[in-house]
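What follows is the residue order along each chain.
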Amino acid sequence: MISSWTVVADRGDLTETEVLHDERPELAELSDCEVLLRVSRVGLTANNVTYGVIGDLIGYWRFFPAGSDGQGVVPVWGFADVVDSTLDALPTGTRVYGYLPMASHLVVRARLTSSGFVDTADHRADLPAVYNSYLVTSQDPAYDESLENLQVLYRPLFLTSFLLADRLVDNDFHGARTVVISSASSKTAFGTAQCLRDRGVRLVGLTSPRNVEFTESLGLYDTVLPYGASVDVEPSVYLDFNGSDDVRSALHDLLGTSLVKDISIGLTHQTASQDPRSEFFFAPEQLRKRTADWGSDGLAQRFGEAWRGFTAQAGSWVGVVEHSGPEELVEVWRAVVAGKTNPNTADVITF
Ligand SMILES: NC(=O)c1ccc[n+]([C@@H]2O[C@H](COP(=O)([O-])OP(=O)(O)OC[C@H]3O[C@@H](n4cnc5c(N)ncnc54)[C@H](OP(=O)(O)O)[C@@H]3O)[C@@H](O)[C@H]2O)c1
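Predicted model only: the values in this text are computed from it and were never measured.

To continue, consider the overall build of the chain. Looking only at helices and strands, the chain features eight helices and 17 strands. Scaling as 2.2 N^0.38, a compact globule of 351 residues should have a C-alpha radius of gyration of about 20 Å, and the chain matches this with 20 Å. Across its three principal axes, the chain shows a C-alpha extent of roughly 65 × 45 × 35 Å. For the chain, with 351 residues in total, the buried portion stands at 55%. Restricting to contacts in the chain with at least 6 residues of sequence separation, those with at least 24 account for 70%. Carbon and sulfur atoms make up 46% of the accessible area of the chain, which amounts to about 15000 Å² in all. Here the chain contributes 27 positive and 47 negative side-chain charges, whose respective centroids are spaced 6 Å apart.

Written out as structure tokens, the structure is:
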């Protein structure tokens, strides 16, 4: 047996965490097709907090069951290495990228694919497929070892940015000339702004007063305003990343029928209220649509091109701070939940 650890959070109060120490099976105890992964490097942003805030609604708590009633394991994106395997195609040392627990280890039941494998564990069977797929780095044309930190931080977020921007372009911006974006300092929001640059619309970023300077420094928005400031009354789409009722209502009051579409993507303000005026954007749905339209290769080629353009710039916008081990992971988690992190740095944790 080998020692392992898992960070569990109280589902009702995400700041309450516990590090559980346990033992994991070695090869002799793995069943057919099972593979033991050692988690290596993950990113942590407000998106992971959302997994906790709407964990029951979307099923995020069900990916990595652990802890007692009322506790859960928050998913993170990152790299892991195979340390024991029952499959010749996934030998020890294979490095993979995908959806991982806040834990040192994960056992998956792997069904091989052209780019890696899918975890077919029973408890994950009815959860969105995008979260169950793992890429083997040696089979991933987009993998670059020197960009691992950018990948764990941005790849899942930028996929959303890319698909969201694509959906707006596909719908001719619903006739709008302006796109208003809240939590404009967040990575998913500014990734979307980057995808929408030079598409013939004006990009207005709304952010907290303390984040105005950073958001302006990105050079991605035509205008950056603090929450509460007035926007111009013209046909607009609202991309809501913060989920604040106040910000949404103020925009509806000001713009009236000029607000032609209100799309809810995130809830950095951590309230999960559903407003009938908002349409929820769930990236895996648009992913399914574009996979059907373009095929997996066509989608990968288009996304790859956008991703390369984004990573060429992202490193200069936000500095990466590295942390290590479960205690530092918990420290970063608490800061991210409390909104105490600074948008000009992003946190990567090595396990
Ligand atoms: N629907 C989807 O498929 C999908 C996919 C990916 C991400 N998302 C969502 O997009 C949002 C942004 O995620 P991200 O990972 O890109 O975020 P991030 O880069 O970590 O965002 C940081 C920013 O979020 C705001 N913020 C963070 N914590 C806060 C708090 N406790 N209170 C108030 N504001 C806080 C602040 O922005 P401001 O000062 O500018 O408000 C902060 O600068 C998340 O809600 C995430 O779940 C949705």
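In space, the six strands of this open sheet follow the order β12-β11-β10-β13-β14-β15, with parallel pairing throughout. Either end of the sheet is taken by a strand with one partner, and the two such strands are β12 (223-226) and β15 (279-280). Sheet topology note: the strand β10 (residues 178-181)/strand β13 (residues 236-240) ladder contains four bridges and is parallel. For valine 179, the partnering residue across the bridge sits in β13 and is valine 237. Packing of helix α4 (residues 187-196) onto the sheet brings it into contact with β10, β11 (202-207) and β13, and relative to β10 it is tilted by some 165 degrees.

To continue, consider the site of the ligand. With respect to spatial proximity, 29 residues lie near the ligand, and among them Thr45, Thr188, Thr207, Ser208 and Tyr227 are the closest. One of the side-chain N or O atoms of asparagine 47 is found 2.9 Å from an oxygen atom in the ligand. Isoleucine 265 is positioned such that a nitrogen or oxygen atom in its backbone is 3.0 Å from a nitrogen atom of the ligand. Summarising the interface, the protein chains cover 90% of the accessible area of the ligand, which totals 950 Å² for the free molecule. Top contributing element to the shell around the ligand by residue count: helix α1 (residues 46-53), with three residues. Considering only residue class, the shell around the ligand consists of twelve nonpolar, 16 polar and one charged.

The phi torsion at cysteine 33 lies on the positive side, around 70 degrees, for a residue other than glycine. In the Ramachandran plot, glutamine 270 falls in the positive-phi region, its phi being about 65 degrees despite a non-glycine side chain. Assignment of secondary structure puts glutamine 270 in the loop between β14 (259-264) and β15. Accessibility expressed as a relative area gives 29% for glutamine 270, which makes it partly exposed.

Analysis parameters
- Residues numbered from 1 in each chain as written.
- Predicted model: local features only at pLDDT ≥ 70, side-chain atom pairs only at ≥ 80, totals over all residues.
- Heavy atoms only, no water.
- Helix = DSSP H or I, 4+ residues; strand = E, 2+ residues; numbered from the N terminus.
- Rg over C-alpha atoms; globule rule 2.2 N^0.38 Å.
- Buried < 20%, exposed > 50% of the residue type's maximum accessible area, 1.4 Å probe, protein only.
- Contact = heavy atoms within 4.5 Å.
- Areas by Shrake-Rupley, 256 points an atom, 1.4 Å probe, with all protein chains shown as cover.
- Lys, Arg positive; Asp, Glu negative; His and termini not counted.
- Charge placed at Lys NZ, Arg CZ, Asp CG, Glu CD.
- Pairing = 2+ DSSP bridges.
- Axes fitted to C-alpha atoms, helices over the stretch in contact; angles between N-to-C directions.
- Near = heavy atom within 4 Å.
- Polar contact = N/O pair within 3.5 Å; in protein donor to acceptor, adjacent residues only side chain to side chain.
- Nonpolar A, V, L, I, M, F, W, Y, C, P; charged D, E, K, R; others polar.

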